[in-house]
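Coordinate inspection notes
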Amino acid sequence: MTFRRNLIWYLFLAPAVIMLLMFMAYPLIQSLELAFYEWNGLRPREYVALENFEDLFDDRFFWGALRHTLIFAVFSTLGTVGIGLLLAMAISRRVRGAALYRFIFYLPVMLPMAVTAALWVRMYEQNFGMLNVMLRSVGLAHLEGTWISSRETALGSVIAVAVWQFSGFPMIILLAGIENIPEDLHEAASLDGISEVQRIWYLTLPLIRPVLISIGVLQFIFSLKVFDLVWVMTLGGPAESTSVLGTFLYKEAFRKQEYGYASAVAVVMFAVIFTVTYVYQRLMRVESVEF
Amino acid sequence: MHLKHSAIHPLLKRIPGATVTITLVVWAIVQVYPILFMFLTSVKTDKQILNAPFGLPDPLRFENYAIVWQGDRVAQPFSAFFINSFIITFGSLVILLFVAGLAGYSLARGRFPGNAATQQGFLLTLAVPVHVLIIPMYFFMGDLGLRNSHFGMMLVYATLGLPFTIILMRAYFLSFPRELEESALLDGCSRFGAFIRVVAPVSRGAIASMAIINISWIWSELLFALVLLDQQGVRTLPLAVAGYRPASMTSESVLGQQFAIMSLTALPLFVFYFLFQQQIRKGMTAGALR
């Protein structure tokens, strides 16, 4: 009887559940399964047990991609959250034009990542790219770089673009955190005659620490999934020096038709990202939104 | 802690104010200039771009836009990409908002066995990185005949947006006054009728917020588009941007057009940001859990 009474609620839920089962759960399971097969998409697949994972373990390009992904994630997180925090603290001092700064700093976040990447490809171009031309014209020609076209600087240059695009995002969230600090705490602090630096160190930072950690983890998870930026800027090159897990997976699957091997990469990605996200969800309570 | 003993030189006290202003202005320039550069370059001729890269466009040339919009020898008309992106974004949003609205409402109102478990399930799907789905999806969508299909893309994007949209919709409906729907039910409306005729119209603000949170990522999505749209006629804007990739800037004679394509891809989102900046930034704080 309860089922019939509740039938309407199940029906309301059904489309969402069906879509998630079809386009999320089913491909996920398929991916986990495919990782134990060798398959080029045409011939029947062949069960190879753990061979794909053993090959991964010996594949220096896989380790390279994993290392680049972690470097990218760590430094783009430090960069975006660090700059975001600085900006949030600066704006929270009620500077003139605070609304304009807020608007400007969030603007790059709105750019489609493919556009950001394509734009910076032109900026980084060696001869006519804006960056080198600008350095030359202000007499800093010795700082001219090869940016994304040489192995040494490519990954750093891509990380810089990520920081350029996304620092506005932690800024907005940290600013909300700072503005939630009760006004009388600040007043009490200024009555005690402490300096700005001390106030930030002993008052602001401890109070926004939860927000800071939360946005840091979110940014880290987001960066682990990097694909667009690298794909459009460098395709993982030069000489695989910017190859990340996302682009490595894509190439193994859709360039080399090694679907089983690529699925093993997918499984590794899944294990890493799912664990980090799951732990994060357990630690933070998912908050509701205000309208 | 030597809070009491901090004697600060009067001159030092003025430094923070100045540093703050300088930091903000410098970073604002760093953030805005490349974007401005993109728009300015898109209205220059190639000659101008190479001779005076930082000069203002003189005269303003909109022919780059005309050329990419109508298509040239190299590329298919950009208008086609634009229309594809528009259809897919719009369709995804309609499906997503309808399905997530119903599900969120069900989870907020229904006291049925499995409610809490379903919510846990949705939370788990939030943690799945989309890259993991891409290979099976390529074959599965092919089998369903939904590869290179607008409708297929809509279903995929709607699904990817579902978990966090449902969670936010549920949170919203928890605070939705019951009286409204109850009077509709007394008037003989079915549950579904009450939802469509009473609950949804009253909730249009919340539904609009959900649309706002989802528009920008759907409009910008590259990975699934790259894999699932491999035929010319169905491709979306991010693919156009990624595909218009010169080997080297010097050998190209279509510089202005490249910038016109980038600008046109970014423009709708910028207009959208100008119009709804408050809601977008607020929504991002909430959507951050995605």
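You'll find the structure just up there.
The notes below deal with the structure included here. (Residues numbered from 1 in each chain as written. Chains lettered and ligands numbered in written order. Predicted model: local features only at pLDDT ≥ 70, side-chain atom pairs only at ≥ 80, totals over all residues. Heavy atoms only, no water.)

**Some details on the layout of surface pockets**
Left-over empty space is what a probe sized like a water molecule reveals as it rolls over the atoms. Put simply, the rule is: The distinction between a cavity and a pocket rests on a 1 Å grid over the protein atoms alone: a 1.4 Å probe fits inside a cavity but cannot get out, while a pocket stays open yet meets protein on both sides within 12 Å along at least five of seven lines, and a residue with an atom within 4 Å of a point counts as lining. Grid points are joined across faces, edges and corners, and a volume is the space filled by probe spheres set on the points. Helix and strand definitions here come from DSSP, where helices need a minimum of 4 consecutive H or I residues and strands a minimum of 2 consecutive E residues; each element is numbered from the N-terminal end. Any residue that is not Ala, Val, Leu, Ile, Met, Phe, Trp, Tyr, Cys, Pro, Asp, Glu, Lys or Arg is counted as polar, Gly included; the first ten are nonpolar and the last four charged.
Volume-wise, the second largest pocket comes out at about 610 Å³. Within the residue set of the lining of the second largest pocket, elements represented by two or more residues are α3 (60-91), α4 (98-110), α8 (168-179), α9 (183-191) and α10 (196-224) of chain A together with α1 (10-42) of chain B. Split into classes, the residues belonging to the lining of the second largest pocket amount to 12 nonpolar, five polar and eight charged.

**Regarding the side chain of S149 of chain B**
This is how it is decided: We call two N or O atoms a polar contact when they sit within 3.5 Å, provided that within protein one can donate a hydrogen and the other can accept it, with sequence-adjacent residues counted only if both atoms are side-chain atoms.
For S149 of chain B, the location among the structural elements is in the loop between α6 (134-143) and α7 (150-174). A distance of 2.8 Å separates the side chain of S149 of chain B from the backbone nitrogen of G152 of chain B, its partner in a polar contact.

**Observations regarding the pattern of salt bridges**
Rules: Criterion for a salt bridge: a side-chain nitrogen of Lys or Arg within 4 Å of a carboxyl oxygen of Asp or Glu.
Scanning the entire structure with this criterion turns up seven salt bridges over all chains. Salt-bridge contacts for K256 of chain A lead to E252 of chain A; the nearest nitrogen and oxygen are separated by 3.0 Å. One continuous salt-bridge network, built from bridges that share partners, spans R109, E181 and R191 of chain B.

**Things to note about the side chain of R109 of chain B**
Short version of the rule: Note on contacts: a residue pair qualifies if any of its non-hydrogen atoms lie within 4.5 Å across the two residues.
Relative to the helices and strands, R109 of chain B resides in helix α4 (residues 78-109). A polar contact is formed between the side chain of R109 of chain B and the backbone oxygen of F176 of chain B, at a distance of 2.7 Å. In contact with R109 of chain B, other than residues within four places in its own chain, are W9 of chain A together with F173, F176, P177, R178 and E181 of chain B.

**Examining a negative patch on the surface**
Residue and element names in this part refer to chain A. We apply this condition: A patch consists of residues whose relative accessible area exceeds 30% and which take part in no salt bridge; residues with like charges are grouped when within 9 Å of each other, and nonpolar side chains (Val, Leu, Ile, Met, Phe, Trp, Tyr) when within 5 Å. For the area figures, the Shrake-Rupley method with a 1.4 Å probe applies, and any residue is considered shielded solely by the protein chains shown. When charges are tallied, Lys and Arg are placed among the positive residues and Asp and Glu among the negative ones, while His and the ends of the chain are skipped. Where a charge lies is defined by one atom per residue type: Lys uses NZ, Arg uses CZ, Asp uses CG and Glu uses CD. Accessibility here uses a 1.4 Å probe with only protein chains present; expressed as a share of the type maximum, an area under 20% marks a residue as buried, one over 50% as exposed, and anything in between as partly exposed.
Together, E38, E46, E51, E54, D55, D58 and E258 line one region of the surface with negative charge. Here the negative patch takes four residues from helix α2 (residues 51-58), the largest share from any one element. Here E46 shows up in strand β2 (residues 46-47). Of the residues examined, E46 reaches a relative accessible area of 48% and is grouped as partly exposed.

**Concerning the interface of chain B and chain A**
Keep this limit in mind: By convention, the term buried area covers the 1.4 Å-probe accessible surface removed from two parts as they join, with the contributions of both added.
Between chain B and chain A, the residue contacts involve 109 residues of the former and 97 residues of the latter. Interface area, chain B with chain A, both sides summed: about 9,200 Å², of which 81% is carbon and sulfur. Three residues stand out in chain B for area buried against chain A, namely L24, H131 and I135 of chain B, and they jointly supply 8% of the buried area on that side. The interface formed by chain B and chain A contains zero salt bridges. Where chain B touches chain A, the interface holds eight residue pairs in polar contact (both at pLDDT 80 or more). Element by element, the count of residues in the side of chain B that touches chain A is highest for helix α13 (residues 255-287) of chain B, at 17 residues. Partitioning the side of chain B that touches chain A into residue classes produces 83 nonpolar, 20 polar and six charged.

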